[in-house]
Amino acid sequence: MSDALLALMAAGSLAPLSYYFARFVARGCGEETDSLLGCSAALVSLRNLQGDVCVDLGSYAGRPLFEADEEYRGEGPVGGPRGPPLPDWLAALEAADWVGGPGDHAPLILEGRRLYLGKYWRFEQQVADALRARLCRLEELDLARLGQGLARLFPPGDGSSPDWQKVAAAVAASRRFAVISGGPGTGKTTTVVKVLALLLEQDPHLRIAVAAPTGKAAARLTDALRGGKGRVDVALPILERIPEAAVTIHRLLGAGFGEAFRHDGANPLAVDCLVVDEASMIDLPLMARLLEALPGRARLILLGDRDQLASVEAGNVLGDITG
């Protein structure tokens, strides 16, 4: 019996969690830990820990699956198991009991040539379905009022280039889902303050919440909202209804002990519009839980820069949306 995965773990090239997950899956299917199934499970687990939602098996076919430390010398140029030809690999995984297809509940999901941890495949589908459901244009808008608000809040420039902030505001005000992206100093927060003013002019009773992934980001967003409110041309009653205090996403969802949140699909958030800053920091599981708790008719506006502040866990949601 080979002990390549155990040696890789001892050398620091394979996380213990990935090794024991591989052993769990392999033994559950009556195979050795170092079988192709076990190595595949270890690979997808390791890549997940490194930030990837899935593994494209085609990019590993015929290549070493893990980069071994110098302490470990195994088979192959850099040590350790190698990926078989892609057709053989796919056939072996399709025949494994604990590998399912899209929609199945299994530890591993194989979709085409992509291998997922089962829960991450479900998170990805949940996020994709929720975002697609929000892509339609709103029909209940007062377009004349929206046009007047856009003209007032975004005065004409010299005409040499489009006013992209005005374009972003028009899109955000007319759809249930929008992304306002850009680097530092590009006016994302000022733009979203104007968007909220436009929305409140449509519905003064709109329930708005603003959030960010961390306490530090929430504090920055709070300061930016307060400053931004001083630079918008709106009636005082509208201005007073634009929120200033941002909270963390975990606090918004009602985080408790463990992974449970007070707000979910059965107990949704009491909001009509949610603004989330620093969206590049939101990993796939947190985005899935946020969307689960957000009412279907509620608007979602994401702010962020895909090149800044990557998420801690797997899944670059903002990057995938804007890529």
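Every value quoted in this text rests on a predicted model; they were computed, and no experiment measured them.

A. Spotlight on the sheet that holds strand 9 (residues 299-304). The strand order across the open sheet formed by 5 strands is 5-9-8-6-7, and the pairing between neighbours is parallel. Edge strands, defined here as strands with exactly one partner in the open sheet, are strand 5 (177-181) and strand 7 (247-248). For strand 8 (residues 273-276) and strand 9, the ladder comprises 4 bridges, and the chain directions are parallel. Looking at strand 9, one finds that Val 275 is bridged to Ile 301.

B. Just the nonpolar core, in detail. Leu 5, Leu 14, Leu 57, Phe 66, Leu 108, Leu 274 and Leu 300 are the most contacted members of the largest nonpolar core, which has 68 residues in total. Ranked by size, the runner-up nonpolar core spans 38 residues in total, among them Phe 154, Val 195, Ile 238 and Val 275.

C. Structural view of the packing of helix 5 (residues 118-132) against helix 12 (residues 284-293). Where helix 5 meets helix 12, the closest approach of the two axes is 9 Å, and the angle between their N-to-C directions is 45 degrees. Accordingly, the angle class assigned to the pair helix 5 and helix 12 is oblique. Crossing handedness for the pair helix 5 and helix 12: left-handed. Residues Tyr 120, Phe 123, Glu 124, Gln 126, Val 127, Ala 130 and Leu 131 of helix 5 pack against Leu 284, Pro 285, Met 287, Ala 288, Arg 289, Leu 291 and Glu 292 of helix 12. Considering only residue class, the contact of helix 5 with helix 12 consists of 10 nonpolar, 1 polar and 3 charged.

Reading guide: rules and limits
- Residue numbering note: each chain is counted from 1, following its sequence as written.
- Thresholds applied to this predicted model are a pLDDT of at least 70 for local features of residues and 80 or more for the giving and counting of side-chain atom pairs; totals over whole chains, interfaces and linings are not thresholded and use all residues.
- Side-chain descriptors were evaluated using all non-hydrogen atoms of the structure, hydrogens and water having been removed beforehand.
- Pairing between strands is defined by DSSP: at least two bridges between them are needed.
- In DSSP terms, a helix is any run of H or I states spanning at least four residues, a strand is any run of E spanning at least two, and both are numbered starting from the N terminus.
- Working definition of a nonpolar core: buried Ala, Val, Leu, Ile, Met, Phe, Trp, Tyr and Cys residues. They are joined through side-chain atoms within 4.5 Å.
- Partly exposed describes any residue whose relative accessible area lies between the buried limit of under 20% and the exposed limit of over 50%, with all areas from a 1.4 Å probe on protein chains only and scaled to the type maximum.
- What counts as an axis is a line fitted to C-alpha atoms, over the stretch in contact for a helix, and the angles between N-to-C directions run from 0 to 180 degrees.
- Should an angle fall under 35 degrees it is taken as roughly parallel, and over 145 as roughly antiparallel, whereas 65 to 115 is taken as roughly perpendicular and any remaining angle as oblique.
- Less than a right angle of anticlockwise turn of the near helix away from the far helix marks a crossing as left-handed, whereas a clockwise turn marks it as right-handed.
- By the convention used here, residues are in contact when the closest approach between their heavy atoms is within 4.5 Å.
- Polar here means any residue other than Ala, Val, Leu, Ile, Met, Phe, Trp, Tyr, Cys and Pro, which are nonpolar, and Asp, Glu, Lys and Arg, which are charged; Gly is therefore polar.

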